[in-house]
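Topology and contacts: notes
This is what each chain is made of:
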Amino acid sequence: HRSAIIYVSSSVSDILFPASGVYGATKVFNERFSDYISYEYGGDKLDVYCLKPGAVATNFSQGLESKIPATISASECVNAALNHLGHTNKSYGHWLHEVFVNFSKIIPKRYLFITMNAKVKESIEKARKKL
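Residues numbered from 1 in each chain as written. Predicted model: local features only at pLDDT ≥ 70, side-chain atom pairs only at ≥ 80, totals over all residues. Heavy atoms only, no water.

What about the packing of aromatic side chains?
Two aromatic rings are characterised by how far apart their centres lie and by the angle between their planes. Tallying each qualifying case throughout the model produces 2 aromatic pairs. For the pair Tyr 7 and Phe 33, a centre-to-centre distance of 5.8 Å together with 90° between the ring planes defines the contact as edge-to-face. Note that Tyr 7 is positioned in strand E1 (residues 3-8) and Phe 33 in helix H1 (residues 21-41), a separation of 26 residues in sequence. On the accessibility criterion, Tyr 7 (18% relative accessible area) is buried. Here the aromatic rings of Phe 29 and Phe 33 are separated by 5.7 Å at their centres, their planes lie at 15°, and the arrangement is stacked. You can see Phe 29 and its partner Phe 33 sitting in helix H1, 4 residues apart, about one turn around the helix. (Phe/Tyr/Trp six-rings, centres within 6.5 Å; stacked < 30°, edge-to-face > 60°. Helix = DSSP H or I, 4+ residues; strand = E, 2+ residues; numbered from the N terminus. Buried < 20%, exposed > 50% of the residue type's maximum accessible area, 1.4 Å probe, protein only.)

Pasting the structure below:
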């Protein structure tokens, strides 16, 4: 029998994303912590896996789905993650997120912020007004 620990981080741990500094920093911690747990306790009977998805259509991201590229459903995210479990210790889960993150790493940050910031900022302001 094998056991698994699955940590949920975010692709925001690898790319800068407008209005997500604190969130991104906590996700970097999750990823690094899973690295240490994997190194110290992982082995033949324990898989330690860190899932770093991009945008997933959940209540957390409600209203942003159309504004964030490569948004996938929660079931797509879970299925992709379970397919990686036991084969690697971390991944973005879904191939769309892998492509989006790698594309985001090669384009200038300024362009990414200009493009995404207007869309995301508008949605964040609407959400704040509802509070």
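Let's pick the thread back up.
Concerning the environment of Leu 46
Considering the arrangement of structural elements, one finds Leu 46 in strand E2 (residues 46-51). It is 4.8 Å that separates the C-alpha atoms of Leu 46 and Ser 3, two residues lying 43 residues apart in sequence. Contacts of Leu 46, omitting those with residues within four sequence positions, involve Arg 2, Ser 3, Ala 4, Ile 5 and Tyr 41. (Contact = heavy atoms within 4.5 Å.)

What about the environment of Phe 17?
Mapped onto the secondary structure, Phe 17 falls in the loop between E1 and H1. Of the residues examined, Phe 17 reaches a relative accessible area of 14% and is grouped as buried. Distance in space between the C-alpha atoms of Phe 17 and Ser 104 is 9.6 Å, their sequence separation being 87 residues.

Re helix H3 (residues 95-106)
Between its first and last C-alpha, H3 extends 17 Å over 12 residues, near the 16 Å set by a 1.5 Å rise per residue. Among the residues of H3, those classed as buried are His 97, Phe 100, Val 101 and Ser 104. The buried side chains of H3 occupy one side of the element, clustering within an arc of 95° when seen end-on. More than 90 degrees from the buried face of H3, the exposed residues found are Trp 95 and Ile 106. (Expected span 1.5 Å × (residues − 1). Arc of directions from axis to C-beta.)

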